[in-house]
Amino acid sequence: MAYSVAQDLLTGDLPIAGSIDTTKFVDDAAEEIDSNIGFIYELPIAFDDLPLHQQLLLKQINNKLASGRLILTLDIAGEESSLHSYGLRLVTEAMNELMLIANGSVDLSCTRYVGAVPEATDRLPRVINRDEESAVDMFENAFMR
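Let me sum up the structure you'll find in this document. (Residues numbered from 1 in each chain as written. Predicted model: local features only at pLDDT ≥ 70, side-chain atom pairs only at ≥ 80, totals over all residues. Heavy atoms only, no water.)

**Notes on the overall build of the chain**
Within the chain one finds four helices and zero strands. Along the chain, from the amino end to the carboxyl end, the secondary structure elements read α-α-α-α. A buried classification covers 32% of the 145 residues belonging to the chain. Considering only contacts in the chain between residues 6 or more positions apart, those separated by 24 or more positions represent 75%. When the accessible surface of the chain is totalled, it reaches about 9,400 Å², and 55% of it is carbon and sulfur. (Helix = DSSP H or I, 4+ residues; strand = E, 2+ residues; numbered from the N terminus. Buried < 20%, exposed > 50% of the residue type's maximum accessible area, 1.4 Å probe, protein only. Contact = heavy atoms within 4.5 Å. Areas by Shrake-Rupley, 256 points an atom, 1.4 Å probe, with all protein chains shown as cover.)

**Considerations on the side chain of T11**
With respect to the secondary-structure elements, T11 resides in the segment before helix 1 (22-37). Overall, T11 belongs to the buried group, its relative accessible area being 13%.

**What to know about a nonpolar patch on the surface**
Together, F139, F143 and M144 line one region of the surface with nonpolar side chains, adding up to about 400 Å² of accessible area. Tracing the backbone through its elements, the reader meets F139 in helix 4 (residues 135-143). Residue classification places F139 among the partly exposed positions, given a relative accessible area of 47%. (Patch = residues over 30% accessible without salt bridge, like charges linked within 9 Å, V, L, I, M, F, W, Y side chains within 5 Å. Salt bridge = Lys/Arg side-chain N within 4 Å of Asp/Glu carboxyl O.)

**Some words on the pattern of salt bridges**
Following the criterion strictly, the structure yields seven salt bridges and no others. K24 serves as the salt-bridge partner of D28, at 3.0 Å between the closest nitrogen and oxygen. Placement of the pair is D28 and K24 together in helix 1, with a separation of four residues, close to one helical turn. By relative accessible area, D28 is classed as partly exposed at 32%. For K24, a relative accessible area of 45% puts it in the partly exposed group. When salt bridges with common partners are traced through the structure, they connect K64, R89, E93 and E97 into a single cluster.

Any functional reading would require information beyond the geometric quantities listed.
As structure tokens, this is what we get:
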């Protein structure tokens, strides 16, 4: 289920050919969102049960991602560099916002996936030494003291 509609795309007055299915871009962006947050939250997200600010966040991410991907596919003579930079900026912003949800910095008010890691700190990198003493410590103790 998409979090926005094709009429909300951020394309301004760009000429979009009738052969381009804008709804497909919106649906694909929603699937990409779900594929990233599905590791933490049960899918499908109960969108209507979310607080308004969280609904707007998901809608904004869906709009930016779909619009950016659509703009990046357009081929308008003489506008390639400016269009592509705008499209890339939209995709980058959307992915940054999506990663805030996916890595637990922004918490949605919906049911968590049963296999999800409960704490954001559990997803941080760790150093695990299988030895009682690291090789560096052994070297320092043997040769430097």
